[in-house]
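# Descriptive analysis of the structure
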Amino acid sequence: MIRPILTYPDPELKKKSAPVTVINEKVRELARDMAETMYAAPGVGLAAPQIGAHQRIIVIDVAGQDEPPALITAINPVIIHADGDAYEEEGCLSVPKYAANVRRHARVVVKGLNLDGEEVTWRADNLLAIAFQHEIDHLDGILFIDHISQLKRDIFRRKYRRNQEQESTD
Ligand code: NI
């Protein structure tokens, strides 16, 4: 089921998500809904709090348009190693129509569980590494705009408010 995606400045996006303690049918259904919602958007990643579920679950698929889908579902993901520097443009389904360059690590190693409760280690670089960092941030109530400079954030807030006002009067 496609679920509505919460958007900035919804306070639900600022809350920290709790670890998943049992991987049951409810968790699997939530993960399926997250993937469906991400693909429909379309987006390359989604974290559970973006649909109002404060559990540590993320889904990512960075496959290109002519590549087969490569869905990653990570439960309780933790970055256990990170190195290198990246500075790429990011967007977010919860911050529509805005993009900014964000400083990240270029490579990460992430540990977590899959939907069968098995421990998995993901070694990621490029876009996948950035997606992991972006989505895990969501689990801690952090948005990519929290990483940009104060000046850029002020400009963002002004533009964003103006956009929303325009939309509500359309
Ligand atoms: Ni996001």
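Heads up: the structure comes first, above all this text.
Here we summarise the structure given alongside this text. (Residues numbered from 1 in each chain as written. Predicted model: local features only at pLDDT ≥ 70, side-chain atom pairs only at ≥ 80, totals over all residues. Heavy atoms only, no water.)

## A look at the overall build of the chain
As a reminder of what qualifies: A run of DSSP states H or I qualifies as a helix once it reaches four residues; a run of E qualifies as a strand once it reaches two. Both are numbered from the N-terminal end. Restricting the calculation to C-alpha atoms gives the radius of gyration, and the globule rule supplies 2.2 Å times the number of residues raised to the power 0.38. When accessible area is computed with a 1.4 Å probe and restricted to protein chains, residues below 20% of their type maximum are described as buried, those above 50% as exposed, and intermediate ones as partly exposed. Contacts are assigned to residue pairs that have any heavy atoms within 4.5 Å of one another. In this description, accessible areas are obtained by the Shrake-Rupley approach with a 1.4 Å probe, and a residue is regarded as covered only by the protein chains that are shown. As used throughout, the charge tally considers Lys and Arg to be positive and Asp and Glu to be negative, leaving His and the chain termini uncounted. Note on charges: their place is set at NZ of Lys, CZ of Arg, CG of Asp or CD of Glu.
Looking only at helices and strands, the chain features three helices and seven strands. Secondary structure elements of the chain, listed N to C terminal, follow the sequence α-β-β-β-β-β-β-β-α-α. A globule of 170 residues ought to have a C-alpha radius of gyration of about 15 Å, and the chain, at 16 Å, matches this closely. By the burial criterion, 44% of the 170 residues in the chain qualify as buried. Relative to all contacts within the chain whose residues are 6 or more apart in sequence, the contacts with residues 24 or more apart total 62%. Total accessible area on the chain stands at roughly 9500 Å², and carbon and sulfur atoms take up 51% of it. Averaged over its 21 positive side-chain charges, the chain has a centre that lies 7 Å from the centre of its 26 negative ones.

## Let's talk about the coordination of the nickel ion
Threshold: Water is not part of the atom set, so a site may look incomplete; the donors themselves are N, O and S atoms within 2.8 Å of the metal, or 3.2 Å for Na, K and Ca.
With distances of 2.1 to 2.2 Å, the protein atoms coordinating the nickel ion are Cys92 (SG), His134 (NE2) and His138 (NE2). Owing to a relative accessible area of 2%, His138 belongs among the buried residues under this scheme.

## Observations regarding the environment of Ala86
Looking at the secondary structure, you find Ala86 in strand β4 (residues 86–92). Residue classification places Ala86 among the buried positions, given a relative accessible area of 15%. Residues Ala86 and Lys14, spaced 72 residues apart in sequence, show a C-alpha to C-alpha distance of 24 Å. Apart from the residues lying within four places of it in its own chain, the contact partners of Ala86 are Val102, Arg103, Arg104, His105, Ala106 and Ile130.

## A word on the layout of surface pockets
As a reminder of what qualifies: As defined here, a cavity is a set of points on a 1 Å grid over the protein atoms alone where a 1.4 Å probe fits but cannot get out. A pocket is an open set with protein on both sides within 12 Å along at least five of seven lines, and residues line them when an atom is within 4 Å of a point. Grid points are joined across faces, edges and corners, and a volume is the space filled by probe spheres set on the points. Lys, Arg, Asp and Glu make up the charged group, whereas Ala, Val, Leu, Ile, Met, Phe, Trp, Tyr, Cys and Pro make up the nonpolar group; the residues left over, Gly among them, are polar.
Of the volumes computed, that of the largest pocket is approximately 270 Å³. Listed by contribution, the elements that provide at least two residues to the lining of the largest pocket are β4 and α2 (126–139). Within the lining of the largest pocket, the residues separate by chemical class into six nonpolar, four polar and four charged.

## Notes on the pairing of strand β7 (residues 119–125)
Each regular strand displays side chains that alternate between the two surfaces of the sheet. Selection rule: Paired strands, as defined in this entry, are two strands with at least two bridges between them according to DSSP.
Covered by surrounding structure in β7 are Val120, Trp122 and Ala124 only, the residues Glu119, Thr121, Arg123 and Asp125 on the alternate face being uncovered. Bridge analysis of strand β6 (residues 107–113) against β7 gives seven bridges, and the strand direction is antiparallel. Each residue of the ladder has a partner; that of Gly112, found in β7, is Val120. The turn linking β6 back onto β7 is made up of five residues, and Gly117 within it adopts a positive phi angle of 80°.

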